[in-house]
There are 2 protein chains.
Amino acid sequence: MTTFDEPATYTPAQARAAFRTGTAHPTTGWANGFTQTNLIAVPEDWAYDVLLFCTRNPQACPLLDVTDPGDPATRLAEGADLRTDLPRYRIWQNGVLAGEVSDATGLWRSDMVAFSIGCSFTFETALAAEGIPLRHVDQGRNVAMYVTNRPCEPAGRLFGPLVVSMRQIPADRVADAVRITRAMPAVHGAPVHIGDPRALGIHDLSRPDFGDPVDAEPGDVPVFWACGVTPQAALMASRPPFAITHAPGYMFITDRDDSEYRVG
Amino acid sequence: MTTFDEPATYTPAQARAAFRTGTAHPTTGWANGFTQTNLIAVPEDWAYDVLLFCTRNPQACPLLDVTDPGDPATRLAEGADLRTDLPRYRIWQNGVLAGEVSDATGLWRSDMVAFSIGCSFTFETALAAEGIPLRHVDQGRNVAMYVTNRPCEPAGRLFGPLVVSMRQIPADRVADAVRITRAMPAVHGAPVHIGDPRALGIHDLSRPDFGDPVDAEPGDVPVFWACGVTPQAALMASRPPFAITHAPGYMFITDRDDSEYRVG
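No experiment lies behind these values; they were computed from the predicted model shown.

A. Just the side chain of A:Thr245, in detail. Residues and elements named next belong to chain A. Here Thr 245 is to be found in strand β10 (residues 242-246). Residue classification places Thr 245 among the buried residues on the basis of a relative accessible area of 0%. In this structure the side chain of Thr 245 is engaged in a polar contact, spanning 3.2 Å, whose partner is the side chain of Gln 232. Those residues in contact with Thr 245, other than ones at most four positions away along the chain, are Leu 39, Ile 40, Arg 88, Tyr 89, Arg 90, Trp 92, Gln 232 and Leu 235.

Right, here's the structure in full:
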């Protein structure tokens, strides 16, 4: 197995090439400074519902690119192939996770439409640049994600709950974290909730629905952002016949600089 | 005919009621502080193309709401009816302007999907609040809009040129105008061009394609923003069988406060 000593310094193209040749590794900390995206791909028959769902829930599903039916290329990365260039995919049948693969080529139907959705990893670069610690990175874990009790705005046949990512932030840096992320609406923007997880219907932070549990340091406050895994929860709730997504934490790495998605 | 001494102080509901009962008046300066939107409504068969066109051209077509097929209500205004509550509509057949009406109820097909798109009037409030003069308002005219030589990103069957609105801004306030509008990406954001109109393929500022010509004051610089009339230019280029839009300058007035669309 290949080792990855300095994946942070990989170019996006190098990272995608590694994943294309079979490497399956969470992408947090890879190709630092370049925007990563969530993927949801559905047959053309469901594309309007997904597009409208994203439009109506822009904080959870900020759309950075939509492909034409059957086209695995994306405007976000020169020469990339969305069927192969993510490290891990989830295959969904009738809303049930049917399996995970590292290459989706054989499952990519001829009319698949792929949606690339902004990812909170993008604003992590901005948080770190201002000295806000990222506990999950320090602990070598995937970010913790939770299904909440808040319904998304439905769209056609698609409905489901809001999913959030959580970061433990030192209390005296929470205001900074709000300021920084609020300026990045294309990658989820400001937190949807700060503090008591029960307000979101989350009863045990140590048991995330996606990703890994992350330990708090003394004085940390849990801060919750809308998460691009939300469409996967909608798949589970709405049960379309077929879909392909990224596996949580195993994102697509684009050629876009994170700074492109900062406002003001 | 009713007179409108203080339309700036109308509530959005009062303005909509006036338009619903037949008043046809440009909406600039009406119900100050509340967001106005561009309208494009198409039969369901074309809805995906319009939705994707807006997604791919977010600076020109920032989507604030999309209705379900046939539903004339909008999330942007309690009790409003999109078929009647705009002061003036344009009816399009095969890409040709077939007429203008003040009530679109009789033409609103049972499967129409309506798209509400952010409008630069929203950031005018923010510009005025910082003392930047609005020449078209001072001159009692509609803002000037121009078809450019820049193609939009096409989407399905829909394609066309970028349309811009132009404001003459005192040279020493242009940087402020950029800063203010850049913080409002949901209502077109930063200018797409500053200065020489020929760079956009505009050869005569005195002959706008939509709206009114607006006189410059000495020392003014023309500043161009992406404009929500862009979908109308796409209708003219792409020729879908049927569509209803607002008439340029005759917008829908929502219940949303302009400040909701400011970032940071």
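B. Quick look at the environment of B:Pro240. Residue and element names in this part refer to chain B. Tracing the sequence through the fold places Pro 240 in the loop between α6 (230-238) and β10 (242-246). When the C-alpha atoms of Pro 240 and Thr 254 are compared, they prove to be 27 Å apart, with 14 residues separating the residues in sequence. Other than its neighbours up to four places away in sequence, Pro 240 contacts Trp 46, Gln 93, Asn 94, Gly 95 and Leu 235.

C. Summary view of the interface of chain A and chain B. Each partner contributes to the interface: chain A provides 20 residues, whereas chain B provides 20 residues. Across the chain A to chain B interface the summed buried area is about 1,600 Å²; carbon plus sulfur atoms make up 55%. Run the count over chain A and chain B and you get four salt bridges. Between A:Asp68 and B:Arg56 there is a salt bridge, with its nearest N and O atoms 3.1 Å apart. Along the contact surface separating chain A from chain B lie eight residue pairs in polar contact (both at pLDDT 80 or more).

D. Helix α3 (residues 121-129) of chain A, seen in detail. Here α3(A) has its buried residues at A:Phe121, A:Thr122, A:Phe123, A:Glu124, A:Ala126 and A:Leu127. Looking one or two residues beyond α3(A), the residue adopting positive phi is A:Gly131, at roughly 80 degrees.

E. Layout of the relation of the copies chain A and chain B. Expressed as a screw operation, the relation of chain A to chain B combines 0.0 Å of axial shift with a rotation of 180 degrees, fitting to an RMSD of 0.0 Å. On the angle and the small slide along the axis, the relation comes out as a two-fold axis. Closest approach to the rotation axis within chain A is made by the C-alpha atom of A:Tyr48, at a distance of 2.8 Å. A share of 100% of interface residues in chain A that are also interface residues in chain B marks the association as one of identical surfaces.

F. Broad picture of the domain arrangement of chain A. Residues and elements named next belong to chain A. Under the domain assignment, chain A is made up of domain 1 (9-120 + 238-258) and domain 2 (122-230). Here domain 1 packs against domain 2, burying approximately 2,500 Å² in sum over the two surfaces, 55% of which is carbon and sulfur. The three residues of domain 1 that bury the most area against domain 2 are Phe 53, Gln 59 and Ser 120, which together make up 27% of that side's buried surface. The salt bridge partner of Asp 49 is Arg 157, with a shortest N-O separation of 3.0 Å. Along the contact surface separating domain 1 from domain 2 lie 15 residue pairs in polar contact (both at pLDDT 80 or more).

G. Just the sheet that holds strand β7 (residues 161-170) of chain B, in detail. All names here are of chain B. Spatially, four strands are ordered β6-β7-β9-β8 in an open sheet, and the strand pairing comes out antiparallel. Looking at the sheet topology across the chains shown, the edges are occupied by β6 (144-151) and β8 (193-194). Here β8 pairs with strand β9 (residues 220-226) via two bridges, running antiparallel. Note that in β9 the partner of Ile 194 across the bridge is Val 223. With respect to the sheet, helix α5 (residues 174-182) is in contact with β7, β8 and β9, its orientation differing from that of β9 by roughly 15 degrees.

H. Quick look at the pattern of salt bridges. In total, this model carries 36 salt bridges over all chains according to the counting rule given. Where A:Asp196 meets A:Arg198, a salt bridge forms, and the shortest distance between an N and an O atom there is 3.1 Å. Residue A:Arg198 is classed as exposed on the basis of its relative accessible area, which comes to 57%. For B:Arg83, the salt bridge identified is with B:Asp81, shortest N-O distance 2.7 Å.

I. Spatial organisation of the packing of aromatic side chains. All names here are of chain B. Taken as a whole, this structure holds seven aromatic pairs over all chains when the rule is applied. Taken together, a centroid distance of 4.9 Å and an interplanar angle of 35 degrees make the contact between Phe 19 and Trp 30 tilted. Taken together, the residues Phe 19 in helix α1 (residues 12-20) and Trp 30 in the loop between α1 and β1 (34-43) connect sequence positions eleven residues apart. Residue class for Phe 19 comes out buried when judged on its relative accessible area of 0%. What makes Trp 30 buried here is its relative accessible area of 2%. Note on Phe 123 and Trp 225: the rings are 5.0 Å apart at their centroids and 40 degrees apart in plane angle, and the pair reads as tilted. Of the two residues, Phe 123 is situated in helix α3 (residues 121-129) and Trp 225 in strand β9; the sequence distance between them amounts to 102 residues.

J. The packing of α3(B) against α5(B), seen in detail. Residues and elements named next belong to chain B. Packing of α3 against α5 brings their axes to within 10 Å, and their N-to-C directions diverge by 130 degrees. Accordingly, the angle class assigned to the pair α3 and α5 is oblique. Seen from above, α3 lies across α5 with right-handed handedness. For the pair formed by α3 and α5, the contact residues are Phe 123, Ala 126 and Leu 127 on the first element and Ala 177, Ile 180 and Thr 181 on the second. The residue makeup of the contact of α3 with α5, split by class, is five nonpolar, one polar and no charged.

K. A look at the state of the cysteines. A full pass over the atoms with the stated rule returns zero disulfides over all chains. Here A:Cys54 is not disulfide-linked; the sulfur of A:Cys61 is the nearest cysteine sulfur, at 4.4 Å.

Rules used in this analysis
- Residues numbered from 1 in each chain as written.
- Chains lettered and ligands numbered in written order.
- Predicted model: local features only at pLDDT ≥ 70, side-chain atom pairs only at ≥ 80, totals over all residues.
- Heavy atoms only, no water.
- Helix = DSSP H or I, 4+ residues; strand = E, 2+ residues; numbered from the N terminus.
- Buried < 20%, exposed > 50% of the residue type's maximum accessible area, 1.4 Å probe, protein only.
- Polar contact = N/O pair within 3.5 Å; in protein donor to acceptor, adjacent residues only side chain to side chain.
- Contact = heavy atoms within 4.5 Å.
- Buried area = accessible area lost by both parts, 1.4 Å probe.
- Salt bridge = Lys/Arg side-chain N within 4 Å of Asp/Glu carboxyl O.
- Least-squares fit on C-alpha atoms with pLDDT ≥ 70 in both.
- Domains from an automatic or database assignment.
- Pairing = 2+ DSSP bridges.
- Axes fitted to C-alpha atoms, helices over the stretch in contact; angles between N-to-C directions.
- Phe/Tyr/Trp six-rings, centres within 6.5 Å; stacked < 30°, edge-to-face > 60°.
- Parallel < 35°, antiparallel > 145°, perpendicular 65-115°, else oblique.
- Left-handed = near helix turned anticlockwise from the far one by under 90°.
- Nonpolar A, V, L, I, M, F, W, Y, C, P; charged D, E, K, R; others polar.
- Disulfide = S-S within 2.5 Å.

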